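# Inside the fold
So the chains spell out like this:
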Amino acid sequence: MALRLYYNSASQHSRRDQVAVIELGLDVELKPVDFMKGEHKAPDFLAHNPNGKVPLLEHDGLWLWESNAIMAYLADLRPERGLYPTEPRARADVNRWLFWEAAHFGPACLRLTWERVMKPTFMKQDPNPVLVADGEQNLQRFAAVLDSQLAGKEYVTGRLSIADFALASVLAYRVPARMELGAFPQLRGWLGRIEARESWKQTAPRF
């Protein structure tokens, strides 16, 4: 059965999976989910992802949600591409940064994106200054960790992996979200390398 990815082009988590699909050279049917029509809250969608969120992967009876889990699954379909190592220690290192993104770096970036981009654009609401301050503080804290890790490396674990896509995707709206990254030259250099990739260019959000 064909691979199908249910996504929304505005979603940073959808974008990381789209980037992975392109980098892996997989034949995946892309199925857009219209948030404005509430398609992510429809009963048939909730039956497969009770969270009512994208992305969602369908493959031969498997319905998989959580963007990092989807990337890992897709990468295991093409192990020769090397984006998700099979050697235990190398895989553990990639997993470390996937989990760190989900627990620390991602929430800090997404808080600023939500308050400064999504709320004003889609909900016509002003940012909450308390939440913005919290996002800014945590962004600086965790960006410093990532910047240090990238010293002397092109990519976060030394070679390109799905961890890079997860980390870069939450910075997709850094300009309108006014994420201050001036103190982190290693991070900015790494992000420039990701953004120069054709897979990144092809998956730019459209709204």
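Quantities reported herein were computed from a predicted structural model and do not represent experimental measurements.

### As for the pairing of strand E1 (residues 3–7)
Counting buried residues in E1 gives four out of five residues, a clear majority hidden from the surface. Bridge count between E1 and strand E2 (residues 28–32): five bridges; the pairing is parallel. Across the sheet, arginine 4 pairs through a bridge with glutamate 29, a residue of E2. Note on the crossover from E1 through helix H1 (residues 12–24) to E2: the handedness is right-handed. As judged from the three bridges shared by E1 and strand E3 (residues 56–59), these two strands associate in the antiparallel manner. The residue of E3 that forms the bridge with tyrosine 6 is leucine 56.

### Quick notes on the packing of helix H5 (residues 129–149) against helix H7 (residues 185–195)
Where H5 contacts H7, the two axes come as close as 7 Å, and the packing angle between them is 75 degrees. Accordingly, the angle class assigned to the pair H5 and H7 is roughly perpendicular. Within the contact between the two elements, H5 uses Ala143, Leu146 and Asp147 and H7 uses Pro185, Gln186, Leu187 and Trp190.

### Some remarks on the nonpolar core
In this structure, Phe105, Leu139, Leu146, Ile162, Leu171, Leu187 and Trp190 are the most contacted members of the largest nonpolar core, which totals 56 residues. Of all elements in the fold, only E1, H1, helix H3 (67–77), helix H4 (88–123), H5, helix H6 (162–169) and H7 reach the threshold of two or more residues within this core. Broken down by element, this core gets its largest block of residues, 10 residues, from H4. Setting aside chain neighbours within four positions, we find leucine 146 in contact with Trp97, Trp100, Phe105, Val156, Leu167, Leu187 and Trp190. Membership of the second largest hydrophobic core comes to five residues, among which are Tyr6, Val33, Phe45 and Val54.

### Quick word on the packing of aromatic side chains
Counted by the stated rule, this structure contains four aromatic pairs. Their ring planes at 10 degrees and their centres at 5.5 Å tell us that tryptophan 100 and phenylalanine 105 sit as a pair that is stacked. The residues tryptophan 100 and phenylalanine 105 share a single accessibility class, namely buried. Taken together, the ring pairs in this structure connect Trp97, Trp100, Phe105 and Phe142 into an aromatic cluster. We note arginine 91 situated over the ring of tyrosine 84; from NZ or CZ to the ring centre the distance is 3.7 Å.

### So, H4
Spanning 36 residues, H4 covers only 44 Å between terminal C-alpha atoms, well under the ideal 52 Å at 1.5 Å per step. A maximum bend of about 55 degrees is found in H4 at glutamate 101. Backbone nitrogen of arginine 89 and a side-chain oxygen of the N-cap are separated by 3.1 Å at the start of H4; the cap is glutamate 87. Positive backbone phi, at 55 degrees, marks lysine 124, one or two positions downstream of H4.

### Here's the deal with the sheet that holds E3
As summarised here, the arrangement of the four strands in space is E2-E1-E3-E4, forming an open sheet in which the pairing is mixed. The outermost strands of the open sheet, each flanked by one partner alone, are E2 and strand E4 (62–65). Pairwise comparison of adjacent strand axes, ignoring direction, gives a mean angle of 20 degrees for this sheet. Strands in contact with H3 are E1, E3 and E4; relative to E4, the strand with the most contacts, it is inclined by about 130 degrees.

### Description of the side chain of asparagine 8
By the element assignment, asparagine 8 lies in the loop between E1 and H1. Within the local environment of asparagine 8, its side chain forms a polar contact with the backbone oxygen of valine 33, the two atoms lying 2.8 Å apart. Contacts of asparagine 8, omitting those with residues within four sequence positions, involve Ser14, Val33, Asp34, Phe35 and Val54.

The rules behind the values
- Residues numbered from 1 in each chain as written.
- Predicted model: local features only at pLDDT ≥ 70, side-chain atom pairs only at ≥ 80, totals over all residues.
- Heavy atoms only, no water.
- Buried < 20%, exposed > 50% of the residue type's maximum accessible area, 1.4 Å probe, protein only.
- Helix = DSSP H or I, 4+ residues; strand = E, 2+ residues; numbered from the N terminus.
- Pairing = 2+ DSSP bridges.
- Right-handed = clockwise from strand over helix to strand, strands pointing away.
- Axes fitted to C-alpha atoms, helices over the stretch in contact; angles between N-to-C directions.
- Parallel < 35°, antiparallel > 145°, perpendicular 65-115°, else oblique.
- Contact = heavy atoms within 4.5 Å.
- Core = buried A, V, L, I, M, F, W, Y, C linked by side-chain atoms within 4.5 Å.
- Phe/Tyr/Trp six-rings, centres within 6.5 Å; stacked < 30°, edge-to-face > 60°.
- Lys NZ or Arg CZ within 6 Å of the ring centre and 35° of its normal.
- Expected span 1.5 Å × (residues − 1).
- Bend = angle between axes of the 7 residues up to and from the residue.
- Polar contact = N/O pair within 3.5 Å; in protein donor to acceptor, adjacent residues only side chain to side chain.

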